[in-house]
4 protein chains.
Amino acid sequence: MEARPQPTTPGWRLRAYSIIFESDTPAGRAFDIILLWAILLSVLAVMLESVQRINAVYGPILRAVEWVFTVIFLIEYVARLVVVRRPLTYALSLLGIVDFLSVVPTLISLALAGSQYLLVIRTLRLLRVFRIFKLGQFVGEGEFIVRALKASRFKIMVFLTAVLTLVIIIGTLMYVVEGGQNGFTSIPQSIYWAIVTLTTVGYGDISPVTVLGRTLASILMILGYAIIAVPTGIVSAQMAAPSGTSPTYKQVICHVCQATDHKPEAEYCWRCGEKL
Amino acid sequence: MEARPQPTTPGWRLRAYSIIFESDTPAGRAFDIILLWAILLSVLAVMLESVQRINAVYGPILRAVEWVFTVIFLIEYVARLVVVRRPLTYALSLLGIVDFLSVVPTLISLALAGSQYLLVIRTLRLLRVFRIFKLGQFVGEGEFIVRALKASRFKIMVFLTAVLTLVIIIGTLMYVVEGGQNGFTSIPQSIYWAIVTLTTVGYGDISPVTVLGRTLASILMILGYAIIAVPTGIVSAQMAAPSGTSPTYKQVICHVCQATDHKPEAEYCWRCGEKL
Amino acid sequence: MEARPQPTTPGWRLRAYSIIFESDTPAGRAFDIILLWAILLSVLAVMLESVQRINAVYGPILRAVEWVFTVIFLIEYVARLVVVRRPLTYALSLLGIVDFLSVVPTLISLALAGSQYLLVIRTLRLLRVFRIFKLGQFVGEGEFIVRALKASRFKIMVFLTAVLTLVIIIGTLMYVVEGGQNGFTSIPQSIYWAIVTLTTVGYGDISPVTVLGRTLASILMILGYAIIAVPTGIVSAQMAAPSGTSPTYKQVICHVCQATDHKPEAEYCWRCGEKL
Amino acid sequence: MEARPQPTTPGWRLRAYSIIFESDTPAGRAFDIILLWAILLSVLAVMLESVQRINAVYGPILRAVEWVFTVIFLIEYVARLVVVRRPLTYALSLLGIVDFLSVVPTLISLALAGSQYLLVIRTLRLLRVFRIFKLGQFVGEGEFIVRALKASRFKIMVFLTAVLTLVIIIGTLMYVVEGGQNGFTSIPQSIYWAIVTLTTVGYGDISPVTVLGRTLASILMILGYAIIAVPTGIVSAQMAAPSGTSPTYKQVICHVCQATDHKPEAEYCWRCGEKL
């Protein structure tokens, strides 16, 4: 790829760069795949450590493994800083921060003990997995998906707003209907239930009992069942669209009755007949 | 926007209008965003008030907050009435009514106590959230979604009718099969279960036990799993369609055997050979 | 509509026909809507009758209502037979049978008592609801959906076969893995669980406990979550397709290695190089 | 079909071949359909045998049935080997192996007893059902679906990677948030819960209790509810695409800030302004 034609850069750095940052050379691909496995194994170690039975037996080994990987990733991180032309730009990019955070926690864990807090840090370490995407994107498909989602991000935001509104209102209604009982002990609780229901997850830890409540729930379920068509439709249409661009509409509101959804060529408000 | 070129209207009202009702000017956008936050906070206050632990401690503060917001929204409502050229048209428009209802309840809550009833009123106040849409629509995407749904509303209605029929019949069958036991105590109950199942929510508060019941349930689940494709397909096709128009068919029924689904160019009934 | 230009038919029958069977005349539409309400009410009566608390009080009234509606539908059925030119063809058409079955049960219920059996008959009466479709189809959209589903029925069948196979195999595996415990008491039971899981219904009445079982379940869930894309894609593509026709492929199998999926223009098997 | 014009092959083998391997002749179709039923019945026998109540009574009969079918399939397998021109190629093809595995287990079951182990083998026997596809593919639609899935396999892989990452991170977070209680006893457990939730299965065997946990769960649910749009969109777009080819993009990464998603015609990095 004609990505860096700087005569200034020495050859070894270009080579190192293409190995560490790219994966269209055999060496580069090998590097990425090894890294991928290292990430997965280190994450696996963290997971297993959380299982008490396993931790009781292999605890020390697992912690040792963590340290080995931490060192490996530390070296890798330094290498990236050396190879890239503008280390700061890289260090402040998302990937740079992720790379950094995937090393720090273990180091910190030396200073302060306190398992509970340590656990929180461990979760960050899982962010390493995100680097898998760099492989995925080279296939170019990941990028395709991301582009489609980006292109329809406004539609999706509007959709989510609508869903949240629906969930808040029905949640509150249910709190009133079920009279604060059967698990509907507060509005937030009821909203949680509404989300569980609308998304068709349906744990069953909270479920309506009264007739009115079940009727309301049924409506919510059918809504959730039908509404799913909206995000699906958005993304499908986006991906089927030849160009990546999505249709947007200049929007006119009647300054009298606030009516929207006028035809582009409309001269007068369709509701109150006012001149637009 | 060239939405109202009335030389008659005084400048200040036009300016106030563009701030309060529109959001394509910096001032207008700021106004809408502040309003949005006010709505969210006031809704949050209502929610928290419903949580007993919180209400016990911060009850008075929360009620105070509610009052502050009520006053703010009252002023806002009056301002809208003043600014708009035709107050009545606005007051009777959906947004006008929502604006009104978002103020009234707190006022009423002075006259009559009775928490239970109060709660019902509170839910109405949540309708404020709907105003968020006014922001969303400016992006023009909300409008796009609404148009797509409008265009396919008949298809969706037909789909929902089919789903309801299916749910009623299978619900009744389950009531018979499970012999009014295992939670299937009545046909409405069984229909509630059928909805919970078809929409793939699956609380598990009611679930079949008999072999025949589980077989029937399995069929219903697979149906629900496959049927979801219909609304999705409808909306996807609608959104992918270049023009917003959806295909509709003039429908001919054979006046002898009631057969439908004839080809547009059909001369004779495909079932009984009768001339159409 | 130019549906029956038989000079032979007397005018009154044509008029009656257009009222009873069609709904593009005001009278016809009114007839259908009234009929629709009658059906809904009669179904409602059956449902309420199944609720013990209600039945205890209003039982007699509900049974009376049922009888009134039965008589009404009986008259309607006879009217249809009289008006249609070929009564037999109508009587043997799906709608004719449904109309018939929606009357008979109540009559039979006189002869033989035995609530349990009666209930089974009642369910048939619900089939009346299907007549709603006749209204729906006039919008022409119902027909559109049905056509899309018909066009992709083979694809859907193949999909369902794949799903059933998957469910049977994973169900059996789970039975082995969970060692016939935790509700996985037999292969059919486990298959029932697999369906509940794959369709993302997830009652929770049966759920895996062993580590291997939960791993297998996770795979099944993600499969079910991704597989839903197939029917959806099929129907979406079908509905988006300009013509109602779906692409089908003449299929060649290599008679040596049984390889399929050859390009239409392929001369040799892509796997074993054999002449096709 | 003009699939093998070898004058060398004797007529009887061609005829036998077209009966056993193809289904476009009446005889061939009959053979396949009979085989299909045989497979289903034999699978049914295995299933019923696992039900204790049935096994107690009909155990011997069922085992006899299994033996009959095993012999039938053994004969069929030998016939296939004889008829095909290159037996080895067939024997090593997927279908060949499946055919083989569907016979062996019962034979082995003679040598070594031990029900537990036997059961594992039985599951393999279910693979026979896969042969149903051979019928399905002749319709050509199965092939269409498979092709669409193949074409979008990279997109689906990227999607699954994203889902797994999400599930691992949120699962770990939940383990931290719920403090290893309420069923969230370890990170793997919590990941299992995350999968159950993201896929909207929602057993309810594990469900969050803390406020923070339920908030996190709600986010995960809404994500899972919206994310489903991605695989659906991918497959829909793929199936709607006139040619079977899917768009892929040559991918450029800024060698300074690692920014991706550059326009194809981009000359400079959109984030750090570096020349690409």
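Note that the structure is predicted; figures quoted are calculated from it, not measured.

Notes on the packing of helix α13 (residues 229-240) of chain A against helix α13 (residues 229-240) of chain D
Next up, step 1: Two numbers describe how α13(A) lies on α13(D): the axes approach to 8 Å, and their chain directions differ by 40°. Put simply, α13(A) runs oblique to α13(D). The two elements α13(A) and α13(D) cross, and the hand of that crossing is right-handed. Within the contact between the two elements, α13(A) uses Pro231(A), Thr232(A), Val235(A), Ser236(A), Met239(A) and Ala240(A) and α13(D) uses Ala229(D), Val230(D), Thr232(D), Gly233(D), Ile234(D), Ser236(D) and Ala237(D).
Next up, step 2: Residues belonging to the contact of α13(A) with α13(D) are distributed by class as follows: eight nonpolar, five polar and no charged.

Thoughts on empty space enclosed by the protein
Next up, step 1: This model, assessed by the stated rule, comprises 11 cavities of 30 Å³ or more.
Next up, step 2: Here the largest cavity is characterised by a volume of approximately 300 Å³.
Next up, step 3: If you go around the largest cavity, you meet 24 residues; those closest to its centre are Thr200(A), Ile228(A), Ile228(B), Ile228(C) and Ile228(D).
Next up, step 4: Among the secondary structure elements, those contributing two or more residues to the lining of the largest cavity are α12 (211-227) of chain A, α12 (211-227) of chain B, α12 (211-227) of chain C together with α12 (211-227) of chain D.
Next up, step 5: A class-by-class count of the residues in the lining of the largest cavity yields eight nonpolar, 16 polar and no charged.

Looking at the environment of Pro231(B)
Next up, step 1: Along the chain, Pro231(B) falls in helix α13 (residues 229-240).
Next up, step 2: Pro231(B) sits in the buried class, given a relative accessible area of 4%.
Next up, step 3: Through-space distance from the C-alpha of Pro231(B) to that of Ser152(B) is 9.2 Å; in sequence the pair is 79 residues apart.
Next up, step 4: Once residues within four sequence positions are removed from consideration, Pro231(B) is found in contact with Ala229(A) and Phe159(B).

Describing the packing of aromatic side chains
Residue and element names in this part refer to chain C.
Next up, step 1: This model, assessed by the stated rule, comprises 12 aromatic pairs over all chains.
Next up, step 2: Each ring, one from Phe184 and one from Trp193, has its centre 5.2 Å from the other, and the planes form 70°; the classification is edge-to-face. A single burial state applies to Phe184 and to Trp193, both of which are buried.

What counts, and where the lines are drawn
- Residues numbered from 1 in each chain as written.
- Chains lettered and ligands numbered in written order.
- Predicted model: local features only at pLDDT ≥ 70, side-chain atom pairs only at ≥ 80, totals over all residues.
- Heavy atoms only, no water.
- Axes fitted to C-alpha atoms, helices over the stretch in contact; angles between N-to-C directions.
- Helix = DSSP H or I, 4+ residues; strand = E, 2+ residues; numbered from the N terminus.
- Parallel < 35°, antiparallel > 145°, perpendicular 65-115°, else oblique.
- Left-handed = near helix turned anticlockwise from the far one by under 90°.
- Contact = heavy atoms within 4.5 Å.
- Nonpolar A, V, L, I, M, F, W, Y, C, P; charged D, E, K, R; others polar.
- 1 Å grid on protein atoms, 1.4 Å probe; cavity = no way out; pocket = protein on both sides within 12 Å on 5 of 7 lines; lining within 4 Å.
- Points joined across faces, edges and corners; volume = space filled by probe spheres on them.
- Buried < 20%, exposed > 50% of the residue type's maximum accessible area, 1.4 Å probe, protein only.
- Phe/Tyr/Trp six-rings, centres within 6.5 Å; stacked < 30°, edge-to-face > 60°.

No statement about biological role is implied by the geometric values presented.
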